[in-house]
Amino acid sequence: MTEGDCTPSAVLVADADVEALVRGICFKTGPPRAIGVELEWLVQPAGRPHEPVAPDRLDAAYAALRDLSLSSALTVEPGGQLELSSAPARSLMECVTAVSADLAAVRAALGPLGLALAGIGTDPWRKPTRWLRHPRYDAMETYLDRTGPAGRAMMCSSASVQVCLDAGYEEPGPLGLGRRWRLAHLLGPVLVAVFANSPLAEGHPTGWRSTRQAMWAGIEPGRSAAPPLDADPRSGWARRVLDAPVMCVRTDDGPWLVPDALSFREWIRGGLPRPPTRADLDYHVSTLFPPVRPRGHLELRMIDAQPGDDGWIVPLAVTAALFDDPQAAETAYRCVKSLAERTRGLPAPGNELWLTAARRGLGDPELHDAALVCFAAACEALPRLGASPEVVRAAAEYRDRHTARRRSPADDLIDGFTQHGKDLLV
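Residues numbered from 1 in each chain as written. Predicted model: local features only at pLDDT ≥ 70, side-chain atom pairs only at ≥ 80, totals over all residues. Heavy atoms only, no water.

Draft legend 1. Region of the structure containing unusual backbone geometry. In this chain, Leu-272 is followed by Pro-273 through a cis amide linkage whose omega measures 10°. Mapping Pro-273 onto the fold places it in the loop between helix H10 (264-270) and helix H11 (278-286). Of note, the amide linkage connecting Ala-348 to Pro-349 takes the cis form, showing an omega dihedral of 0°. Position of Pro-349 among the secondary structure elements: in the loop between helix H13 (326-336) and helix H14 (352-360). (Helix = DSSP H or I, 4+ residues; strand = E, 2+ residues; numbered from the N terminus.)

Draft legend 2. Examining helix H16 (residues 389-401) more closely. Its 13 residues give H16 an end-to-end C-alpha distance of 18 Å, which sits within 8% of 18 Å, the value for a rise of 1.5 Å per residue. Along H16, the residues that are buried comprise Val-391, Ala-395 and Tyr-398. Around the axis of H16, the buried residues are gathered within 65° of arc, so they sit on the same side. At its buried positions, H16 is contacted by helix H3 (92-110), helix H6 (177-194), helix H12 (313-324), helix H15 (365-381) and helix H17 (409-420). (Expected span 1.5 Å × (residues − 1). Buried < 20%, exposed > 50% of the residue type's maximum accessible area, 1.4 Å probe, protein only. Arc of directions from axis to C-beta. Contact = heavy atoms within 4.5 Å.)

Draft legend 3. Region of interest: the environment of Gly-345. Mapped onto the elements of the fold, Gly-345 is located in the loop between H13 and H14. By relative accessible area, which is 72% here, Gly-345 ends up exposed. Distance from Gly-345 to Pro-228, taken between C-alpha atoms, is 7.8 Å for residues 117 residues apart in sequence.

Draft legend 4. Spotlight on the pairing of strand E2 (residues 73-76). Pairing geometry for E2 and strand E3 (residues 82-85), over 4 bridges, is antiparallel. Looking at E3, one finds that Leu-74 is bridged to Leu-84. Counted along the chain from E2 to the antiparallel partner E3, the turn is 5 residues long, and its residue Gly-80 has a positive phi close to 95°. (Pairing = 2+ DSSP bridges.)

Draft legend 5. Broad picture of the pattern of salt bridges. Counting across every chain of the model gives 31 salt bridges. One salt bridge connects Arg-301 with Glu-299, and the closest N-O pair in it is separated by 2.8 Å. The two residues Arg-301 and Glu-299 agree in class, both being buried. Here Asp-325 and Arg-384 are joined by a salt bridge, their closest N and O atoms 2.9 Å apart. In this pair, Asp-325 sits in the loop between H12 and H13 while Arg-384 sits in the loop between H15 and H16, placing the two residues 59 residues apart along the sequence. What makes Arg-384 partly exposed here is its relative accessible area of 45%. (Salt bridge = Lys/Arg side-chain N within 4 Å of Asp/Glu carboxyl O.)

Draft legend 6. Representation of the packing of helix H1 (residues 15-26) against H11. In contact at an axis separation of 12 Å, H1 and H11 are set at 55° when each is read in the N-to-C sense. On the basis of the axis angle, H1 is oblique to H11. Relative to H11, the crossing made by H1 is right-handed. Contact residues: Val-18, Leu-21, Val-22, Ile-25 and Cys-26 in H1; Arg-278, Leu-281, Asp-282 and Val-285 in H11. Partitioned by chemical class, the residues of the contact of H1 with H11 number 7 nonpolar, no polar and 2 charged. (Axes fitted to C-alpha atoms, helices over the stretch in contact; angles between N-to-C directions. Parallel < 35°, antiparallel > 145°, perpendicular 65-115°, else oblique. Left-handed = near helix turned anticlockwise from the far one by under 90°. Nonpolar A, V, L, I, M, F, W, Y, C, P; charged D, E, K, R; others polar.)

Draft legend 7. Just the packing of aromatic side chains, in detail. Under the counting rule described, the total for this entry stands at 9 aromatic pairs. Seen in terms of ring centroids, Trp-256 and Tyr-283 are 5.8 Å apart; in terms of plane orientation they differ by 80°. Their pairing is edge-to-face. In this pair, Trp-256 is assigned in the loop between helix H9 (233-243) and H10 and Tyr-283 in helix H11, connecting sequence segments 27 residues apart. A residue is classified by how much of its surface remains accessible, and Trp-256, at 16% relative accessible area, is buried. An aromatic cluster is defined as three or more aromatic residues linked by ring pairs; in this entry it consists of Phe-195, Phe-375 and Tyr-398. The residue whose ring lies beneath Arg-223 is Tyr-143, and the NZ or CZ to ring-centre distance is 4.9 Å. (Phe/Tyr/Trp six-rings, centres within 6.5 Å; stacked < 30°, edge-to-face > 60°. Lys NZ or Arg CZ within 6 Å of the ring centre and 35° of its normal.)

Draft legend 8. Region of interest: the side chain of Ser-210. Among the structural elements, Ser-210 can be located in the loop between strand E7 (204-205) and helix H7 (211-218). A distance of 3.1 Å separates the side chain of Ser-210 from the backbone nitrogen of Gln-213, its partner in a polar contact. Apart from the residues lying within four places of it in its own chain, the contact partners of Ser-210 are Val-192, Ala-196, Ser-198, Asp-304 and Ala-358. (Polar contact = N/O pair within 3.5 Å; in protein donor to acceptor, adjacent residues only side chain to side chain.)

Spelled out as structure tokens, the structure:
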């Protein structure tokens, strides 16, 4: 392709050109050196999580937050959830230190306004209510509502810890792209089970340890499913992007168009309602929500938001150790590769393995066994990655308090709800 073909306004005219673009922009290989995290939080009235936050209070809160000097990017999700996206860090501890400072500043700004951040995978009390009014989210809501309520709940009521890791070396081995891609999809359900933290919705237990993950599984598969793992990562993802349905076609005026069952491949070939451009391709990729999303790096999207001010640090540290330490990566891969049989060749997150992780958590014996092996490998690896004694200790304490006992934060919430009902504070 010529250099001009890569400009945002360039019209895309051939499948092969799009595949080449996707291959280039979504997988950038090299030594795993950078790490990042994206933290989503529910925003609640301090001490009164059952109450809705009036739109004018959210407006005032986010106006105050825009004046903060942060190293992380601060954005707002459709339901008013707050997201902090770290800059790429050169080490685990650089990431932890920078994001911790940003969170302290955000909490200090929200406190005088009577608001607090809540780390939980889904809002336990309030119905999904959209706060942001923008053509993007109008179109997204229209599209997702076609297949049921899960999409709207995901937009407005969910929160996560998303770990971002380099794609890895081009060559084979425990730090190679192919291995890391496969590990992410097989380790994913273990991470779902270990860190499940969303058993309640609209004031009642849902029957899932991770209701948030159940929401993702309930979204239309063209939007949320992973590509087949038996293909080369680049080829599989490029086909996935081309064959995925177009969520919307942006317009300069009026509401954005929401086509019915139009794949990006069909849009290229048909050119209607207008020919797609490179900018349309970039936007289309941003509307796909698989559990592992390649964005040059690998974005792991399956972990529920965690309780406490610093609860997010353990999943970040454990995941980083299992990917970036060669010995831990090899141990984790050998441990989880047998879990592939339980997928029956179906893509995540809608196959039996992922659904069991979301519903039963570590009550599933195989997932519990895998979690113990992976936690042991991670705890051994963290000092080699330069983790502080506090981070190493937090990971070990989490293992002993939760994982070793077949529990996750979801079980703590269920116990609290059983004892206190809606008086439970989260």
